[in-house]
Amino acid sequence: MTASPTDIDVVIAWVDGNDPVHRAKRARYAGRPEIARDDVGGDTRFVSTGEIYYCVASIVRFAPFVRRIFIVTDGQDPHADAFVARHFPDCRIPIEVVDHTVLFAGYEACLPTFNSLSIETMLWRIPGLSEHFVYFNDDVFVAAPLHPEDWFDPRGRAVCYGTPFSSLLARLLRTVKPRRNGQCPFGHKDAMLNAADLLGRPFFFHFHHTPLAQRRSVLADYFTTHPEALVANMRPRFREPHQFNPQELCYLLGVRADKCVLRSPKGRTLFLKPAADRTGYMERKLIQADRMDHLLFGCINSLEQAPEADRQRFVDWMARRIGIDFSMN
């Protein structure tokens, strides 16, 4: 199967954690103290400071070949279609909001969920989703003009921007990871390792926070034949240390089936994690980004934790790069 500009969809997971209805719903289920940890269910996992608009604008500007954008939410709507109509009046990419109840049809007892890994496990069930789709967190963006081949090669294989990482080494590193309040944090790499362990693989592909090209059939075939894995991974309402990363699962299965190919992320990805105590960090990172000749993708993590000057510096940088005025939202 060959990918073409007409059959690549984008899926974006989004939540407005500032919404009092969502906050109240989350509070009803956050009974255990550990849920307040940032790696489980802390507020930082749900805060929205406009990242969804940077994400959508970057897709429309730099990946105009995308067929459709699906925004996955829990009874919310960022009104991205109105945003796009205002800033990109010639855009012909339809935007559809997909509620969690659609993803979890038949598993409604597992809702509401506040767990990105649980939600990601169910994305392949979006009605009408293309075989070739790209998954975004709302804090991920496209940083330069793309071609379809940047996500799917001419044979339709999903491109994973990652590097092989030893499962044994990852397990050893996990044992020496610094603990926080007596707990070992559950991180991005841990969920990748869990996917490799699920399949009995001695390695996994370590990828960063970037758009993740996926093959729907790979996930559908695996979860249809392994429903117990589906249920175990999508059931927790908040992140649990046994959960695996579904995109990693897709890549590991895809390589075996010749539906995935590995490509180096070096020089192509940018990760921003500002904080109040990181003086000059944002300015340095954005200067670095402007000097990267092959930059394709970026992630702005925990923007709400940056000083106001750094937040504005990032917004101004995105506005220049994309060519729109975000103050007109």
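Keep in mind the model is a prediction, meaning the values are calculated, not measured. (Residues numbered from 1 in each chain as written. Predicted model: local features only at pLDDT ≥ 70, side-chain atom pairs only at ≥ 80, totals over all residues. Heavy atoms only, no water.)

Draft legend 1. Main features of the layout of surface pockets. Its volume calculated, the second largest pocket comes out at about 240 Å³. Considering the residues around the second largest pocket, the lining is formed by 14 residues, among which Gly187, His188, Lys189, Asp190 and His206 are closest to the centre. Going through the elements one at a time, helix H6 (167-175), helix H7 (188-199) and strand E7 (203-207) are the ones with two or more residues in the lining of the second largest pocket. The biggest single contributor to the lining of the second largest pocket is H7, with four residues. Considered class by class, the residues forming the lining of the second largest pocket number five nonpolar, five polar and four charged. (1 Å grid on protein atoms, 1.4 Å probe; cavity = no way out; pocket = protein on both sides within 12 Å on 5 of 7 lines; lining within 4 Å. Points joined across faces, edges and corners; volume = space filled by probe spheres on them. Helix = DSSP H or I, 4+ residues; strand = E, 2+ residues; numbered from the N terminus. Nonpolar A, V, L, I, M, F, W, Y, C, P; charged D, E, K, R; others polar.)

Draft legend 2. Region of the structure containing the sheet that holds strand E5 (residues 140-142). With mixed pairing, the three strands of this open sheet are ordered in space as E5-E11-E10. Among the strands making up the open sheet, the edge pair consists of E5 and strand E10 (269-272). Within the sheet, the average angular offset between the axes of one strand and its neighbour, ignoring direction, is 20°. The pairing of E5 with strand E11 (residues 297-300) spans three bridges and is classified as antiparallel. (Pairing = 2+ DSSP bridges. Axes fitted to C-alpha atoms, helices over the stretch in contact; angles between N-to-C directions.)

Draft legend 3. Spotlight on the side chain of histidine 132. Mapped onto the fold, histidine 132 is located in strand E4 (residues 132-137). Owing to a relative accessible area of 0%, histidine 132 belongs among the buried residues under this scheme. Among the polar contacts listed, one links the side chain of histidine 132 to the backbone oxygen of glycine 156, at a separation of 3.4 Å. (Buried < 20%, exposed > 50% of the residue type's maximum accessible area, 1.4 Å probe, protein only. Polar contact = N/O pair within 3.5 Å; in protein donor to acceptor, adjacent residues only side chain to side chain.)

Draft legend 4. Highlighting the pairing of E10. Sheet topology places E10 next to E11; four bridges connect them, and they run parallel. The residue bridging threonine 269 from the neighbouring strand is phenylalanine 297, located in E11. Tracing the backbone out of E10, into helix H11 (residues 281-290) and back to the parallel element E11 gives a crossover that is right-handed. (Right-handed = clockwise from strand over helix to strand, strands pointing away.)

Draft legend 5. Up close: unusual backbone geometry. Cis rather than trans, the peptide bond between leucine 111 and proline 112 has omega equal to 0°. By secondary structure assignment, the location of proline 112 is in the loop between helix H4 (100-103) and helix H5 (116-121). The backbone of aspartate 258 sits at a positive phi, close to 60°, despite the residue not being glycine. Structurally, aspartate 258 can be placed in the loop between helix H10 (246-256) and strand E9 (260-263). For aspartate 258, a relative accessible area of 37% corresponds to the partly exposed category.

Draft legend 6. Representation of the packing of aromatic side chains. If you walk through the whole model with that rule in mind, you get 19 aromatic pairs. Look at tryptophan 124 and phenylalanine 223: their rings are 6.2 Å apart centre to centre, the planes differ by 20°, and that puts the pair in the stacked class. Separated by 99 residues along the polypeptide, tryptophan 124 in the loop between H5 and E4 and phenylalanine 223 in helix H8 (residues 216-225) bring together distant segments of the chain. In this structure tryptophan 124 comes out as buried when scored by relative accessible area, which is 11%. Aromatic pair phenylalanine 223 and phenylalanine 244: ring centres 6.4 Å apart, planes at 20°, arrangement stacked. With a gap of 21 residues between them, phenylalanine 223 in helix H8 and phenylalanine 244 in the loop between helix H9 (227-234) and H10 connect regions that are remote in the sequence. Owing to a relative accessible area of 2%, phenylalanine 223 belongs among the buried residues under this scheme. Judged by its relative accessible area of 5%, phenylalanine 244 is buried. Feature note: the residues Tyr53, Tyr54, Phe83, Phe141, Phe314, Trp317 and Phe326 constitute an aromatic cluster, connected by ring pairs. The ring of tyrosine 281 carries the charged tip of arginine 278 above its face, separated from the ring centre by 4.1 Å. (Phe/Tyr/Trp six-rings, centres within 6.5 Å; stacked < 30°, edge-to-face > 60°. Lys NZ or Arg CZ within 6 Å of the ring centre and 35° of its normal.)

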